[in-house]
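# Close look at the chain arrangement
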Amino acid sequence: MSHTLGIRQAQKQKTRQALLDAALGLLEHQSLSSLGLREVTRAVGVAPAAFYRHFKDTADLGVALVEEALGSLHETIRAAIVTTGGSEERIDRAVDLIAAHVRAHPAHVRFIARERHGGVAPVREAIGVQLRRFADEVAAALGADPESVGWSAEDLRMLAGVYVDHMVVTASAILEAGASCDSEVAARRAEEAVIATARRQLRLVTLGRRHWLD
């Protein structure tokens, strides 16, 4: 009996993941608010009724996609913001981590960038919760940095928010950099320009951080 239940559970999880993957693919060219569950089930090859065994509605599916896209990123975010070495090395490391994530997970980055201010409230809220968690974790890590001696908790949280917002904007800009380019070389140059700007922006933030208590 337990073996049979295990097989059924594995099949259920497989179908759920197939629905998430199909939705993510369909969302490449449309927003979640315009996505119909029949589109998703048709892409997976299951009956529309099967959708409700896994999600209440497309908003619920969208929240699951948020968790899939951002839930595993907490360690990466902290590593990008709080890493060893001098300021230049830390900036390069942070931007490199962002760029690597965009290249590895472009569909997830596109989904978050589009739905962060999209028309589906539960998904906006879920993204906001995750980003606030990132900011809280980064603020805690920054508080342990010797450069943060004398900083108030409120100011550390503000700085953490700046870093997290910058990472989200940079990820979106890297993703879109080569979208209108007509060659791979041009796309790569456009991406490199975005990365160079992101590094300069972080240098500006770093300079401001050093003089904030002045």
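Treat the numbers as computed from the prediction; the structure is a model and nothing was measured.

Attention now goes to empty space enclosed by the protein. Applying the stated criterion across every chain, the model contains two cavities of 30 Å³ or more. A volume near 270 Å³ is recorded for the largest cavity. Lining the largest cavity are 20 residues, and of these L70, L73, H101, M167 and A171 sit closest to its centre. Within the residue set of the lining of the largest cavity, elements represented by two or more residues are α4 (58-70), α5 (74-81), α6 (87-104), α7 (106-115), α8 (121-143) and α9 (153-177). Ranked by residue count, the leading element in the lining of the largest cavity is α9, at five residues. Its residues placed into classes, the lining of the largest cavity shows 16 nonpolar, four polar and no charged.

In this section: the environment of E192. Here E192 lies in helix α10 (residues 184-211). Among the residues examined, E192 registers a relative accessible area of 46% and is labelled partly exposed.

The subject of this paragraph is the nonpolar core. In terms of nonpolar packing, the biggest core is built from 57 residues, with L61, L65, V66, L70 and F111 touching the most fellow members. Among the secondary structure elements, those contributing two or more residues to this core are α1 (2-26), α2 (37-44), α4, α6, α7, α8, α9 and α10. Not counting residues within four places of it along the chain, the set of residues in contact with L65 comprises L20, A23, L24, L27, H108 and F111.

Evaluated as defined, the whole model comprises 10 salt bridges. Put simply, R203 and E88 hold a salt bridge, and the shortest N to O gap is 2.8 Å. With a gap of 115 residues between them, R203 in helix α10 and E88 in helix α6 connect regions that are remote in the sequence. The exposure class of R203 is partly exposed, given its relative accessible area of 30%. Between R209 and E147 there is a salt bridge, with its nearest N and O atoms 3.8 Å apart. Placement of the pair is R209 in helix α10 and E147 in the loop between α8 and α9, with a sequence separation of 62 residues.

The rules behind each value
- Residues numbered from 1 in each chain as written.
- Predicted model: local features only at pLDDT ≥ 70, side-chain atom pairs only at ≥ 80, totals over all residues.
- Heavy atoms only, no water.
- 1 Å grid on protein atoms, 1.4 Å probe; cavity = no way out; pocket = protein on both sides within 12 Å on 5 of 7 lines; lining within 4 Å.
- Points joined across faces, edges and corners; volume = space filled by probe spheres on them.
- Helix = DSSP H or I, 4+ residues; strand = E, 2+ residues; numbered from the N terminus.
- Nonpolar A, V, L, I, M, F, W, Y, C, P; charged D, E, K, R; others polar.
- Buried < 20%, exposed > 50% of the residue type's maximum accessible area, 1.4 Å probe, protein only.
- Core = buried A, V, L, I, M, F, W, Y, C linked by side-chain atoms within 4.5 Å.
- Contact = heavy atoms within 4.5 Å.
- Salt bridge = Lys/Arg side-chain N within 4 Å of Asp/Glu carboxyl O.

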